[in-house]
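# Notes for the structure review
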Amino acid sequence: MAQIAQVLVDVPTMQTDRPYSYQIPTAWQSQVQPGMRVVVPFGRGKRRVQGLVLKCDDVTTFDGDLKAIDAVVDLAPVLNHEGLELSAWLAQSTFAFQITCAQTMLPAVMRAKYVKILRPTATTSAQVQQDLFATETSVVYDQVATTPEAVSRLLRLQAAGEVDVYYQVKNQARKKTIMGIKATLSAAEFDQALGDVRKGAAKQVALLNGLQTLNGEVLPQKDFEQRFDVSDAVIRTGVQKGWLKKQPLEVYRDPYATADIQATKPLTLNDEQQVAVDQITAAVNQPATTTFLLEGVTGSGKTEVYLQSIAAVLAQGKTALMLVPEISLTPQMVQRVKGRFGKAVAVLHSGLSSGEKYDEWRRIKRHEAQVVVGARSAVFAPLDNIGLIIMDEEHESSYKQDDAPRYHARQVALWRSQYHHCPVVLGSATPSLESRARAEKGVYQRLVLADRVNKRPLPKVSIIDMKNELQKHAESNFSQALLVALQDRLDRHEQSVLMLNRRGYSSFVLCRDCGFVLKCPNCDISLTLHMDTHTMKCHYCGHEEAIPRVCPNCHSRQIRYYGTGTEKVEEELRDLLPDARIIRMDNDTTRKKGAHAKLLTRFGSGEADILIGTQMIAKGLDFPNVTLVGVLNADTALGLPDFRASERTFQLLTQVSGRAGRAEKTGHVYIQTFNPDHYAIRFAQHHDYEGFFKYEMRMRHQGGYPPYYFTVQLTASDLDEAIAAKRMYQLLQWLKPRLTPNTVILGPTPKPIARVNRRYYYQIVIKYKQDPNLTATLSTLLQETQAQQRQGLQIAIDVEPLHFM
DNA sequence: AGCACGCCGACT
DNA sequence: GTCGGCGTGCTC
């Protein structure tokens, strides 16, 4: 019987990341288990925080008085053995705190909320009682401590013992309930009651007869009312007469409950697909884990391979995890999986409310779902007995989390596959260089789907040199060739998709007299014009202000918006092709829940001729009537100071090209660019992944970049630019002697966007092939910089960053 | 984070 | 002399 629990405390900004020992009260000694959340007192005051039990035993290295656990939050562990091990590994491999990792793995509602509460004491004076509490017995600290004077007064009162401080740890997890009906009468009592009913009270008789069929079950009131045709009024009468009880009934919020999902049958596989499914399923029961790299051009039927592999795994009584990028987690996609596996599927994505996510999490935990489909964080889904992990579009950068813990879902998937001895399938038409290189070395096993289903040809790709176009018509977003093609599709009643590379391509306000550009007061970038809300917005910090009518600098009225956002493109297109029906899809039009799906459905049902959008339209959508794809600005990403710029451009172009001509009609792709001879664009034109891979690998080799080197990025930020820079130079001096001589340290350099949210950013990049000292050095750095956070300096450690800006 | 301890300047 | 500023250290 364990008496002492090792508890990880929920104070992530703390200097130390280690468990604390707590006494387990005798009454709970048989209940408390590792992986449960508890509430513990922490610190000198009366502070109470949530903690996670790591271990239960009878020993502690701490030689002082142990405090006791205050409350046990969970009846069963929220993290099992795997979850605890995984959180520890994640903390160590991403240089994050274990409690932060554990919180990332759990639904957001499980994070405790803390409320500081003031209560009167026995010695509270009438005056204080009056103006602090009035008639209440407690007040929330934040509501009364609004001014510095109020704060110091409260401190004095607390010291004098006139008010008592109390911390409430709130569990936000709420189970959704609906009202249920439960019969309370025995069979004999029913007959008695039926006899007592006044003549002509037909509804009461119906109610009693209905109740008799329940057999002690609790039925939702709504269902009961419908089935027996009784109203709430009659039910209330029944409650009064003691025939039945109303009782809350726990239900899951089902975000897809209303969608009528069509069952789908497995499709017939072609030879390549069959080979892939066979290989994957053969690896399921092997003691050694295999990682497959499934390379298949768009339209080659990767999804069908996933679905049939999952089916095989389910048939063995195991579970399956399928990861997709958030952006391609479309209703189309969800319906396809749900259509195949029905209720066994749980879906996790950012569009769900936190309550809905919690419900899906519980369904998985209780083994009510055997298949999980979800975006990045779904990799932590509490599945047991995993037989297969699939990661679609494995090259997508959204699999990497931008803030702590800065994990890549691929790494977590590989870790879990080791734990469960199950295969992983990494699927992509354009694998990341890292993964493709690993397949080359035999670390991953390569599976190739070279043919499109039904042997459809890939679309023809034309490259349009915008340098020539610009001379012909100034400042248009559309080349002549693209316009002609668009008009042609309109005439033939076929659809077109236009994509804008969002990066660096938004409308800003410029004064034509003095050249003044409206910038964010907090960040180092121009504000973006948003016509829908009629405001100027900062895309980095969210700052918002009115559109200026006169130039703030020279007071000229010649201030105009300029540049090419999706709105601007839409406007121009309406001018050029007044008859075209256009749908625009970008961050503004899809912000509302479900808007994304609605727009796609409208486009799919032929309500529009042209779909304009950013990157979000490049993925996953499959509309048979689309025969033209236009990329308005293929190369805005190429100019970025990031060695992955070519790779991203190639992937994006290849992907968006796949949107054209997926059905019987052949497609045509137009790529507008100022760099028509760039290799990323040329290889994309010829759908030549292999060519691109070989060429880009040479470039990476020459530059000493991944996959030939590993990288770690260190970023410092401070309100004062000089301090941020100075600290980075000190850090450089500190790092140098600690790392192996072969390790390259680049920087410090200011980040390309040097100021965000009033903070200045500087970075150091460490490149290495092998450095036995690195892990220890970075761990030390993490601990030491923690202490300096007080001074406002923040240092972030990012292992294998995907963005260098 | 949040609380206490402790060491310095400006007050009844 | 003390009240209160915030720099520093610790939390089982």
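Residues numbered from 1 in each chain as written. Chains lettered and ligands numbered in written order. Predicted model: local features only at pLDDT ≥ 70, side-chain atom pairs only at ≥ 80, totals over all residues. Heavy atoms only, no water.

Another aspect to go through is the side chain of Ser 462. By the element assignment, Ser 462 lies in strand E19 (residues 460-465). Residues contacting Ser 462, with those up to four places away along its chain left out, are His 668, Val 669, Tyr 670 and Ile 671. (Helix = DSSP H or I, 4+ residues; strand = E, 2+ residues; numbered from the N terminus. Contact = heavy atoms within 4.5 Å.)

Now for the UniProt feature "binding site: Zn(2+) 1" (unreviewed entry) in chain A. Listed under "binding site: Zn(2+) 1" (unreviewed entry) in the UniProt record, and renumbered for this structure, are Cys 511, Cys 514, Cys 551 and Cys 554. For the annotated residues, spread through 44 residues, the largest C-alpha to C-alpha distance comes to 8.6 Å, consistent with a single compact locus. Counting through the fold element by element, Cys 511 comes out in strand E21 (residues 508-511). For Cys 511, the residues in contact, after removing those within four places along its chain, are Phe 516, Cys 551, Cys 554, Ser 556, Gln 558 and Ile 559. Relative to the helices and strands, Cys 551 is located in the loop between strand E24 (544-546) and strand E25 (559-562). (UniProt positions renumbered as here; feature names shortened; annotations may be inferred.)

Below, the discussion takes up the protein's contact with DNA strand C. Every one of the 15 residues lining DNA strand C counts as a neighbour, but Arg 18, Ser 21, Phe 62, Lys 67 and Arg 790 are closest to it. Among the atoms of DNA strand C close to the protein, meaning within 4 Å, 35% are from sugar or phosphate groups. At 2.6 Å from a base oxygen of DNA strand C is found a main-chain nitrogen or oxygen belonging to Ser 21. Gly 43 is positioned such that a nitrogen or oxygen atom in its backbone is 3.3 Å from a sugar or linking oxygen of DNA strand C. Counting residues per element, the surface near DNA strand C draws most heavily on strand E2 (residues 20-23), at three residues. (Near = heavy atom within 4 Å. Polar contact = N/O pair within 3.5 Å; in protein donor to acceptor, adjacent residues only side chain to side chain.)

Here the focus is the sheet that holds strand E18 (residues 445-449). Strand order across the open sheet formed by seven strands is E14-E15-E13-E16-E17-E12-E18, with parallel pairing between neighbours. Sheet topology places strand E14 (345-348) and E18 at the edges, where each strand pairs with a single neighbour. When the angles between neighbouring strand axes are averaged without regard to direction, this sheet yields 15 degrees. Packed onto the sheet, helix H14 (residues 409-420) meets strand E12 (291-296), strand E13 (319-323), strand E16 (386-392) and strand E17 (424-428) and runs at close to 165 degrees relative to E16. Across the sheet, helix H15 (residues 433-440) is in contact with E12, E17 and E18; its angle to E12 comes to roughly 115 degrees. (Pairing = 2+ DSSP bridges. Axes fitted to C-alpha atoms, helices over the stretch in contact; angles between N-to-C directions.)

This paragraph deals with the packing of helix H1 (residues 81-94) against H14. At their nearest, the axes of H1 and H14 sit 11 Å apart, and the two run at 140 degrees to each other. By the angle between their axes, H1 is oblique relative to H14. Relative to H14, the crossing made by H1 is right-handed. When H1 is examined against H14, the residues His 81, Glu 82, Glu 85, Leu 86, Trp 89 and Leu 90 are found in contact with a partner set consisting of Gln 411, Val 412, Trp 415, Arg 416, Tyr 419 and His 420. The residue makeup of the contact of H1 with H14, split by class, is six nonpolar, three polar and three charged. (Parallel < 35°, antiparallel > 145°, perpendicular 65-115°, else oblique. Left-handed = near helix turned anticlockwise from the far one by under 90°. Nonpolar A, V, L, I, M, F, W, Y, C, P; charged D, E, K, R; others polar.)

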